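A look at the structure
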Amino acid sequence: MGKKTIVPIGPYHPLLEEPEFFKLYCDGETVVDMEWETGYNHRGIEKICESKTFEQVFYVVERICGICSTSHPFAYANAVESIGAVEIPVRAKLIRSIIGELERVHSHLLWVGLAGHFLGYNTVFMWAWKYREPVLDMFEIITGNRNSYAMFTIGGVRRDIDENKASQLIKVLEDVKIKTDLLVGAVMDDPVIHARLKGVGTLTAKDIHDFGAVGPTARASGVDIDVRRDDPYAAYDMVNWKVITVKEGDVFAKAEVRLLELYESISIINQCLQLLKKEKEGDIKAKVREIPAGIGIGHAEAPRGEVFHFVKSDGGNSPVRHKIRAPSYNCITTFRRSCIGGTISDAAIATAAVDPCYCCTERMIQVYDHNSGKRTMSAAELIKLSQQKTEELNKQFSAKDRS
Amino acid sequence: MGIEIFYFLIFPGLLFSGIMGGFISWVDRKITARVQFRQGPPLLQPLYDFVKLFAKETIIPSNGSITTFILAPLFALFGATISAVFILLPVLGVETGFTAGIIVILYLLNIPAISYIIGALASGNPLAAVGASREMKLILSYELPLILVLISVIIKSGMAIRFSDIVTYQLTHGAFIGSLSGIMGFVTILMCIQAKMGLVPFDMAEGEGEICDGIIIEFSGSILAIFKLTKYIMFLALPAFVSGLFFGGLSLSGINILWSILKVFAVVLLITLIRNTNPRVRIEQAMKFFWLWMNLIAVICVILAVLGI
């Protein structure tokens, strides 16, 4: 190995929307090693949630991510409702799914635009973001906000979608579908894009299992996982749709999965709207008097993959423990596999290909001794503890398998 | 001596080509904006950019070589201006005592790119170093096809090595774009210009999303403004060079002025459309593209020129 140069991507870099630091160790143009540092954006959301009431937490977790701002309330609602065994009205289920899918449409369009920008293809960037604009307007019409919709609440949703809004939404979606055709044509058939993206940042199905990646990143490598189908929530078991998977695992495959998922999302929304029409007027919110003591687990398929929320209640009015895992946390670890061995140009697009959302990922753990108030465990010790626990779990499960 | 200084500073040198080049870069930005459903900048935006940069603080990297770092943009500007003078005088048909051979122009056009590399390496920034190495590779890639195309043009114009002779030859024998080898040469040189200007798909030396503007990352304030001016001048010089080589030159007299503007803008429009309908390629893909495909076309072009097609 020759002399290595460190090429920094970050903490402030046009490639990144958020502060984040990648050190690319380069030999010429080839990336031979990489490290990444997070921690610029830690906000202590989990801790904040413990000081809020169950109702208020929705508006805190909504602000974890500006782009997939409904997936966190979605997972949180699933978690809290699983504690109280709340049965939500059908109408609320449908509206939840509509909002979730509409978010996927705008998020995927946003990604296509960003990917174009990272490739220097600013025309795709501008076009995709222009086509995304009516979707955001639609959000404003339905929920009152272009982002951070404040739509969910325990036991249902806060606003109804009436006939008028539904017909507007159908019109917008028809338009988005036409524009998606256009984008698919521009991306899928462009020989220069093929040359630039095919075989770049390839992740095999084994890599996905090793690193535990989720969402479109996994589906682009042929791993057929999707929370919406595997553990249906809201209205996803009431409509017909299919999980898009592609085998190749490179950046092009990830683009393909996202573009094709746009069609699925549009079809889900249309079906939900039809069901909503049949449902007639009705309740959009179940009455929930209190959340009993217990633990609840909720997950939802965000545009980037599975969002996981763990909520523990002691019967009071606020969670005593709230644990959040955003999809980027799983996907970012794949960078070492997808970037090393490629060039700097490939590393740029390979890191962008998982649609990372770094501020969702920021974590911080400190352990203090209860009596003396001093920090007791270092990061290495905590990691060791976690590894020991994993080993024990593995032993337990393998013992179960044998019996 | 006086007239030479006039040529260099006023017309068609620094002042004229700076203003015209700024205007052309505005056209480029405006077309780009319209393609991307944007409003686009106002007409004087290039001037605003230039003046504003001059008023800004100039930051010199402490671990770089200061003299080289500051001199690099000046060299780039001199190279671009002299090449603009040598290109525009014959192209516009101004009768002067001195004209340059095509080889001189070829070398002068390389000075800005080489200055970029020197400036980048003098800044001591790793991203600039990556950009500089890419720019170097790019020069090595596009230089050969460019030379081959120029050879084909020289052959077609009856072995005239002087640029002014090539232009005047076309006035009597018709523009070279009318022949098959002319069209092929035009396509090749268009790609070379794209690379020379550092525009998408060959902007990997700047690579905004990868290496944060690479070669010019450390430049700021007035020295960046000088690089901008260099770019403006190249925006006029290169399309004018192409129109001299293939369209039979430009003219500023009477109705011909519209025809001249059309020629330059046709080239600019093509450059702009190429840059807006392609993503950035990797450096090795660019090298392969030039060494394999562009060289192939250029060689065929030379053969056709020898055969007189």
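Residues numbered from 1 in each chain as written. Chains lettered and ligands numbered in written order. Predicted model: local features only at pLDDT ≥ 70, side-chain atom pairs only at ≥ 80, totals over all residues. Heavy atoms only, no water.

**Looking at the overall build of chain B**
If you tally the helices and strands in chain B, you get twelve helices and zero strands. Overall, the C-alpha framework of chain B stretches about 55 × 45 × 40 Å when taken along its three principal axes. With 309 residues in all, chain B has 58% of them scored as buried. Accessible area for chain B stands at about 12700 Å²; split by element, carbon and sulfur atoms hold 74% of it. (Helix = DSSP H or I, 4+ residues; strand = E, 2+ residues; numbered from the N terminus. Buried < 20%, exposed > 50% of the residue type's maximum accessible area, 1.4 Å probe, protein only. Areas by Shrake-Rupley, 256 points an atom, 1.4 Å probe, with all protein chains shown as cover.)

**Re the overall build of chain A**
Within chain A one finds 15 helices and eight strands. Over its C-alpha atoms, taken along the principal directions, chain A stretches across nearly 70 × 65 × 45 Å. Counting the 403 residues in chain A, one finds 53% classified as buried. Within chain A, counting contacts between residues at least 6 apart in sequence, those at least 24 apart form 67% of the total. Of the roughly 17700 Å² that chain A leaves accessible, carbon and sulfur atoms contribute 52%. Placing the 51 positive and 54 negative side-chain charges of chain A at their respective mean positions leaves the two points 3 Å apart. (Contact = heavy atoms within 4.5 Å. Lys, Arg positive; Asp, Glu negative; His and termini not counted. Charge placed at Lys NZ, Arg CZ, Asp CG, Glu CD.)

**Notes on the sheet that holds strand β1 (residues 5–9) of chain A**
In sheet architecture, strand pairing relies on hydrogen bonds along the backbone and comes in two forms, parallel and antiparallel. Residue and element names in this part refer to chain A. Pairing within the open sheet is antiparallel, and its three strands lie in the order β1-β2-β3. Each edge of the open sheet carries a strand with a single partner, namely β1 and β3 (30–37). Neighbouring strand axes in the sheet, compared pairwise and without regard to direction, differ in orientation by 25° on average. Where strand β2 (residues 21–27) and β3 come together, seven bridges link them in antiparallel fashion. For F21, the partnering residue across the bridge sits in β3 and is E37. The strands touched by helix α14 (residues 344–353) within the sheet are β1, β2 and β3, with β2 carrying the most contacts at an inclination of about 155°. (Pairing = 2+ DSSP bridges. Axes fitted to C-alpha atoms, helices over the stretch in contact; angles between N-to-C directions.)

**Quick word on the sheet that holds strand β6 (residues 294–302) of chain A**
Residue and element names in this part refer to chain A. Spatial strand order, β6-β7-β8: three strands in an open sheet with antiparallel pairing. Whereas interior strands pair on both sides, the edge strands pair on one side only; in this sheet they are β6 and β8 (321–325). Across this sheet, the average inter-strand angle for adjacent strands is 10°, counted without regard to direction. Pairing of strand β7 (residues 305–313) with β8 involves five bridges; the strand directions are antiparallel. The residue of β8 that forms the bridge with V311 is H322.

**Observations concerning the confidence of the model for chain B**
Looking at chain B, the pLDDT average stands at 85 and 97% of residues meet or exceed 70. Taken together, the chains of this predicted complex give a pTM of 0.84 and an interface ipTM of 0.83. (pLDDT = per-residue confidence, 0-100.)

**Topic: the pattern of salt bridges**
Inspection of the entire model under this criterion finds 33 salt bridges over all chains. Salt-bridge contacts for R219(A) lead to D226(A); the nearest nitrogen and oxygen are separated by 3.3 Å. Comparing R219(A) with D226(A) shows no difference in burial state: the two are buried. Ionic pairing is found between E206(B) and K231(B), a salt bridge with its closest N-O pair at 3.0 Å. Note that E206(B) is positioned in the loop between α8 (180–197) and α9 (208–211) and K231(B) in helix α10 (residues 221–246), a separation of 25 residues in sequence. E206(B) gets classed as buried once you look at its relative accessible area, which sits at 19%. Classification of K231(B) by relative accessible area gives partly exposed; the value is 23%. Overlapping salt bridges, with partners in common, bring together E101(A), R104(A), R219(A), D226(A), R228(A), E261(A) and E301(A) in one network. (Salt bridge = Lys/Arg side-chain N within 4 Å of Asp/Glu carboxyl O.)

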